[in-house]
Amino acid sequence: MASFQKILAVDLGASAVRLVELGPDGRGRPTILALSQEEIAFDPGKTSDFFPIYSQALTAAVGRLPGKTRLCHLCLGGPAVFARILKVPASDPAKVGSMIGFEAQQTVPAIEQALWDYQVVPSPSPSEVEALILAIKRETVEELSAAAASAGLKPQSVTLTPAALLNAFSFNYPEATGCNLIMEIGARATTILLVEGSRIFVRVVPLGGAAISQAVATDLQESFAGAETLKRAKGFVHPGGAYEDPADAATARISKLARGVMTRLHAEVERSVTFFRSQQGGGKPIQAWLLGGGAILGYTDLFFREKLRIPVEFFQPFRRLGLPASVEAQAAARNFSMWGGGVGTALQALPDSPVRINVLGAIGRAQAQKSRDVPAMVVAAVAGAGLLLLPGVHGFWQGAKVGGRLAEQTAQVDEASAALQKLEIENKKFLEVVQRAESALKLERERLRWPQLLTELKRHSQKRVWITTLQVMAAPEVLPAGASGGKPTAPVVEIGGMFETQSEKADAEAVANFQRALEAGGVLRNVEVLERETPQYVDGKTDQVA
């Protein structure tokens, strides 16, 4: 393995910041030099406090590092990450970048307010070039980079969670074959990766462990912090079926709420697998890997093993890395599945790392362009320095003259910078007004959605069928290209109910007929049966209601 320099990776998660210091051992093999983490009191209702929270957490975590390395590489994730696989016709490599840039302009939402980068990935078709595009809001990158700088760190690059996970999987599981499903369940979002040889699929779903805490807070009338504490102390994913509920009422309720959220997440995973197989020619997953803070909830692996019907294991980010005993005792052995993003970011320093994405490069290019706009200042400064070195009164007089011109130009630049800052503030206010207007228009469009839904349910209601629950399970999101044209989808609605049993044949058709009627009505799309209770028949009869 080629040599590489020591690197410090900083994973800025929603519930904790994790620092991974990676360097070569005596034989040049990568080894963990230090690990440090600091938990964050995450509250989805207080998103405006990001800077002080991350600044304090990073300062505490950096203070525990034994080394003095401060040049770092940031890893950002969450629902703000946009991921897409783009396909362009195979062409001259010099033109491929321009074509990908054009496609990105059409694909990345509000690209003028985002930072993005891409990497060409192997394509199964020789006539096409595939590229992985990752993007995130510029404001998020700037705010978290400033928080890192306030803690004494010097960010050199910013990668995003999907790229870090791809690097971690490629390094730790080189022997993996077939189609592998990787699920990083974070606090605010879940990153879904499908890797099959050279084919990859990436999707970020805005659903994570915080959704369970929010459901517990709403159901048990607790604060979010209190619900998070209850979830960690008593929570697990209910096995479902005929399993007996826990004796403690709160534990039983939390486990069922957790199962409801995981059921929604499973539906999103199935949608991703379907898209991967139909649009990218991928295969069915034969192995699943879990990581992230949301994956450590009890029985999460059992739930997905039952739903996906494939082996499910926890991802081992330190599987092929040297790990000193002192480091392992400190942090690695505790919640090891939460270190995937940090380890994958550190592994990007290796020469053979498969994914090298740095969205911070866009800022560097912008700063370079800005520096080209003021060449007169540089020329004047060089000329002034040269004249000051000349002997005699004439030289000093010329130097003073150039210095006066330089001061005048500096004042003009300062005045222009102040005007630009005011313009940016006004532009930000204008964008906020536009966003509020768009929200109002969206609410107006949504006003008639629910009366139409209730009318549709009444029109297709059948004899012996009762609807008992109707609830929104997921907010609108943007699907991958091809699934819905890249437009926001409607909310996901879960309908629950009962039906009167008559016979095995009639019971088997009751739910299916209701599903087909709703699908054909035109108001609902992608109607799926998530769970159905099958009555137990004795001599062809049953007293149950399913």
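For clarity, every value in this text was computed on a predicted model and none was experimentally measured. (Residues numbered from 1 in each chain as written. Predicted model: local features only at pLDDT ≥ 70, side-chain atom pairs only at ≥ 80, totals over all residues. Heavy atoms only, no water.)

(A) Structural context of the sheet that holds strand 7 (residues 128–137). One open sheet holds the three strands; their spatial order is 5-7-6, and the pairing between them is antiparallel. Every other strand in the sheet has two partners, leaving strand 5 (82–89) and strand 6 (114–121) as the edge strands with one partner each. The average undirected angle you get between the axes of adjacent strands in this sheet is 25°. Of the pairings in the sheet, the one linking strand 6 to strand 7 comprises eight bridges and is antiparallel in character. Note on strand 7: the bridge partner recorded for Ala-114 is Lys-137. Seen against the sheet, helix 2 (residues 93–107) touches strand 5, strand 6 and strand 7 and runs at an angle of roughly 135° to strand 5. (Pairing = 2+ DSSP bridges. Helix = DSSP H or I, 4+ residues; strand = E, 2+ residues; numbered from the N terminus. Axes fitted to C-alpha atoms, helices over the stretch in contact; angles between N-to-C directions. Contact = heavy atoms within 4.5 Å.)

(B) Representation of the pairing of strand 6 within the structure. Counting buried residues in strand 6 gives six out of eight residues, a clear majority hidden from the surface. The hairpin turn running from strand 6 into strand 7, its antiparallel successor, is six residues long. (Buried < 20%, exposed > 50% of the residue type's maximum accessible area, 1.4 Å probe, protein only.)

(C) Looking closely at the nonpolar core. Ranked by internal contacts, the top residues of the largest apolar core, which has 53 residues, are Val-10, Leu-12, Leu-58 and Leu-132. No other element matches helix 1 (residues 50–63), which puts six residues into this core. Grouped together as the second largest cluster of nonpolar side chains are 33 residues, Ile-192, Leu-207, Leu-257 and Val-261 included. (Core = buried A, V, L, I, M, F, W, Y, C linked by side-chain atoms within 4.5 Å.)

(D) Broad picture of helix 14 (residues 449–460). For helix 14, with 12 residues, the first-to-last C-alpha span of 17 Å sits near the 16 Å given by 1.5 Å per residue. Buried within helix 14 we find Leu-453, Glu-456, Leu-457 and His-460. On an axial view of helix 14, the arc spanned by its buried residues comes to 95°, and they lie on one face. Exposed side of helix 14, more than 90 degrees from the buried face: Leu-454, Thr-455, Lys-458 and Arg-459 are the residues found there. (Expected span 1.5 Å × (residues − 1). Arc of directions from axis to C-beta.)

(E) Focus on the pairing of strand 9 (residues 180–185). Most of strand 9 is tucked away, with six of its six residues classed as buried. Of the two faces of strand 9, the one lined by Asn-180, Ile-182 and Glu-184 and the one lined by Leu-181, Met-183 and Ile-185 are each fully buried. Strand direction decides the pairing type here: strand 9 and strand 12 (residues 287–291), joined by five bridges, are parallel. Across the sheet, Met-183 pairs through a bridge with Leu-290, a residue of strand 12. Sheet analysis places strand 9 next to strand 10 (residues 190–196), joined by six bridges and oriented antiparallel. Among the inter-strand pairings, Leu-181 is bridged to a residue of strand 10, identified as Leu-194. The hairpin formed by strand 9 and strand 10 contains four residues between the paired strands.

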